[in-house]
Amino acid sequence: QLQLVASGGGSVQPGGSLRLSCAYSGFTVRSPAIGWFRQAPGKEREAVSCISNSGASEKTLESWKGRFTISRDNAKNTVFLQMSSLKVEDAGIYYCAGDIDTFPNYCGVFEANRFAYWGQGIQVNVSS
């Protein structure tokens, strides 16, 4: 019902920037809410940032707040994650996920188990 394809990963030096994209497709009555998640080496997958279907509700977790910015272009069925001032500890596999059961203040509660549809993981490396 909903498919997601993530792109934009790669390698960058500390302090650099990357822009991840999540393109979604398939039948939906309305645009899905989108969450970004990261799995660091040897650690559990964790939440990064969330945006509601309209973009009116957003939440970025403390570890990334002020450096990462989430946005969307519904005309292009795409959500972006702009990552700036990257640190070595930001490295890992990033995933985007979608939820078609949304509401205006969706990101007030942001949990991985609410997302039924997941894109493939993309590698982000941060090293000198």
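Definitions and limits used
- Residues numbered from 1 in each chain as written.
- Predicted model: local features only at pLDDT ≥ 70, side-chain atom pairs only at ≥ 80, totals over all residues.
- Heavy atoms only, no water.
- Buried < 20%, exposed > 50% of the residue type's maximum accessible area, 1.4 Å probe, protein only.
- Helix = DSSP H or I, 4+ residues; strand = E, 2+ residues; numbered from the N terminus.
- Polar contact = N/O pair within 3.5 Å; in protein donor to acceptor, adjacent residues only side chain to side chain.
- Core = buried A, V, L, I, M, F, W, Y, C linked by side-chain atoms within 4.5 Å.
- Pairing = 2+ DSSP bridges.
- Axes fitted to C-alpha atoms, helices over the stretch in contact; angles between N-to-C directions.
- Phe/Tyr/Trp six-rings, centres within 6.5 Å; stacked < 30°, edge-to-face > 60°.
- Lys NZ or Arg CZ within 6 Å of the ring centre and 35° of its normal.

This part is about unusual backbone geometry. Backbone geometry at asparagine 77 places phi at a positive 50 degrees, although glycine is not the residue there. The class for asparagine 77 is partly exposed, based on a relative accessible area of 33%. Positive phi outside glycine occurs at serine 85, with the angle close to 50 degrees. Among the structural elements, serine 85 can be located in the loop between strand E8 (78-83) and strand E9 (92-99). Of the residues examined, serine 85 reaches a relative accessible area of 42% and is grouped as partly exposed.

To continue, consider the side chain of threonine 78. Here threonine 78 lies in strand E8. Under the relative-accessibility criterion, threonine 78 is labelled buried at 11%. At 2.8 Å, the side chain of threonine 78 forms a polar contact with the backbone oxygen of lysine 76.

Judged by nonpolar contacts, the single largest core of 24 residues is most densely connected at Leu20, Ile34, Trp36, Phe68, Leu81, Met83 and Tyr94. At the level of elements, strand E1 (3-7), strand E3 (18-25), strand E4 (33-39), strand E5 (46-51), strand E7 (68-73), E8, E9 and strand E11 (122-126) are the ones that each hand at least two residues to this core. In terms of residue count, E3 provides more of this core than any other element does, four residues in total. Among the nonpolar cores identified, the runner-up in size contains eight residues, and Ala33, Phe37, Ala97 and Phe110 belong to it.

Before going further, it helps to spend a moment on the sheet that holds E3. With respect to topology, four strands assemble into an open sheet ordered E1-E3-E8-E7, the strand pairing being antiparallel. Of all strands in the sheet, those bounded by a partner on one side alone are E1 and E7. Pairwise comparison of adjacent strand axes, ignoring direction, gives a mean angle of 15 degrees for this sheet. Across six bridges, the pairing between E3 and E8 is antiparallel. Considered in E8, the bridge of alanine 23 is made with threonine 78.

Evaluation of the coordinates by the stated rule reveals eight aromatic pairs. For the pair tyrosine 106 and phenylalanine 115, a centre-to-centre distance of 5.9 Å together with 80 degrees between the ring planes defines the contact as edge-to-face. Phenylalanine 115 carries the same exposure label as tyrosine 106, and that label is buried. Taken together, the ring pairs in this structure connect Phe37, Tyr95, Phe103, Tyr106, Phe110, Phe115 and Trp118 into an aromatic cluster. The ring of tryptophan 118 has arginine 45 sitting right over it, with the charged end atom 4.7 Å from the ring centre.

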